[in-house]
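# Understanding the architecture of this molecule
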Amino acid sequence: MNILVTTDGSERSACILPHAAALARAVGARLHLARVLDPRSDAAGVVAGRLAEAVSGVRTRWEAELRTLLADHGIEGEPLVIERRWGEDVPAAIHRAADELGAVLVAMASRGTGAIRHAVFGSVTMGVLGRADLPVMTLSGCPPVMPHAGPYHLLVTTDGSPDARSVFPALAPLLLPGRVRVTLVEVVVMRALETEPEAKARALPGLEALRPRIPAGVEVACHLPVVPPGAGIDTAIIEAAKELGADAIASATHGHSARRHLIAGSTALGVARRSPVPVILVKSAPVD
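So, a few notes on the structure that sits alongside this text. (Residues numbered from 1 in each chain as written. Predicted model: local features only at pLDDT ≥ 70, side-chain atom pairs only at ≥ 80, totals over all residues. Heavy atoms only, no water.)

## Observations regarding the pairing of strand β7 (residues 180–185)
Counting buried positions over the six residues of β7 gives five, a clear majority of the element. Of the strand pairs in this sheet, strand β6 (residues 152–157) and β7 are connected by six bridges, and their pairing is parallel. Looking at the pairing, Thr157 lines up with Val185 of β7. (Buried < 20%, exposed > 50% of the residue type's maximum accessible area, 1.4 Å probe, protein only. Helix = DSSP H or I, 4+ residues; strand = E, 2+ residues; numbered from the N terminus. Pairing = 2+ DSSP bridges.)

## Some words on the state of the cysteines
What we call a disulfide is simply a covalent bond connecting the sulfur atoms of a pair of cysteines. Using the criterion set out here, one finds one disulfide in the structure. Here Cys15 engages in a disulfide with Cys142; their sulfurs sit 1.8 Å apart. Because the torsion about its S-S bond is -95°, the bridge between Cys15 and Cys142 counts as left-handed. Taken together, the residues Cys15 in the loop between β1 (2–6) and α1 (16–27) and Cys142 in the loop between β5 (136–139) and β6 connect sequence positions 127 residues apart. Classification of Cys15 by relative accessible area gives buried; the value is 9%. (Disulfide = S-S within 2.5 Å.)

## Here's the deal with the sheet that holds β1
Reading across from one edge, β3-β2-β1-β4-β5-β12-β11-β6-β7-β9 is the order of the 10 strands in this open sheet, with mixed pairing throughout. A single partner strand is all that each edge strand has here, and the edge strands are β3 (78–83) and β9 (220–223). Each adjacent strand pair in this sheet contributes to an overall mean axis angle of 25°, direction not counted. Where strand β11 (residues 248–252) lies against strand β12 (residues 279–282), four bridges are found, and the strand directions are parallel. By the bridge assignment for β12, Ala250 is matched with Ile280. (Axes fitted to C-alpha atoms, helices over the stretch in contact; angles between N-to-C directions.)

## Regarding the packing of aromatic side chains
The geometry of an aromatic ring pair comes down to the distance between the two centres and the angle between the two planes. Counted by the stated rule, this structure contains zero aromatic pairs. Lying across the ring of Trp62, Arg35 places its NZ or CZ 3.7 Å from the centre. (Phe/Tyr/Trp six-rings, centres within 6.5 Å; stacked < 30°, edge-to-face > 60°. Lys NZ or Arg CZ within 6 Å of the ring centre and 35° of its normal.)

## Overview of helix α4 (residues 90–101)
Relative to the 16 Å expected for 12 residues at 1.5 Å per residue, α4 spans 17 Å between its end C-alpha atoms, a close match to the ideal helical length. What α4 keeps buried is the set Val90, Pro91, Ala92, Ala93, Ile94, Arg96, Ala97 and Ala98. Capping the start of α4, Asp89 holds a side-chain oxygen 2.8 Å from the backbone nitrogen of Ala92, two or three residues further along. Once α4 finishes, Gly102 follows within two positions and takes phi at roughly 70°, a positive value. (Expected span 1.5 Å × (residues − 1). Polar contact = N/O pair within 3.5 Å; in protein donor to acceptor, adjacent residues only side chain to side chain.)

## Comments concerning the side chain of Thr7
Mapped onto the elements of the fold, Thr7 is located in the loop between β1 and α1. In terms of polar contacts, Thr7 uses its side chain to reach the backbone amide nitrogen of Gly9, at 3.0 Å. A polar contact is formed between the side chain of Thr7 and the side chain of Ser13, at a distance of 2.7 Å. Not counting residues within four places of it along the chain, the set of residues in contact with Thr7 comprises Ser13, Ala14, Leu33, Ala34, Arg35 and Leu66. (Contact = heavy atoms within 4.5 Å.)

And the structure:
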């Protein structure tokens, strides 16, 4: 099992690395730390007789830097320089590398401050998410990994819609008995004249019905935060993650276009922008 982590060479983009490594250790995955090399720009200032020689020099230097970055964090992994092909953008290059590795997840910071300069959830993250049929782990800030005993704790959100259920097949390779435990979370908005116990009782059967989508042997719990109308659902999810000590939050995007960024403004993005733990996004697709 392989996990692909990407960096653009900036300090900020490396913040995702320890969090991806924590998941990799938990599930026994091999971690690959990658950087995309554009021959025509990244090797442009290198003095060499031919472009191929210049690219080779940059590749060697970047591989050494990636090894150093892994060593500095005390993380076992493999450096990988992905050479961007003609007519290929950065998300396509990352997706191709993930395909070639058979990766079960791509991890990348939501913002870089180096050569790839994008706003939060800019074109690279959204481009990878839009192309990939695998989860994309993101991180907006640079919080430390909080050590704890026991399995990796993944909080999986749902709003009860068919699109939200697409998160389960995408996460299946990571949901290993004894290594990962899952808390299913649905934020319940109270109806008029409804009490909190009544709201929970209304939503619980739908949440319980999702248990069979988790592989057998994986520990599963249900959590139903209740909020008044107009309250922030993303805030309730973040508070649940803090309260329950989650290592990461997983959510379907409910967006279908990388170029139009239909995820923008959604609950998933609201959570990802403010979450103190990584958020694993899965491109929505209706699931029976």
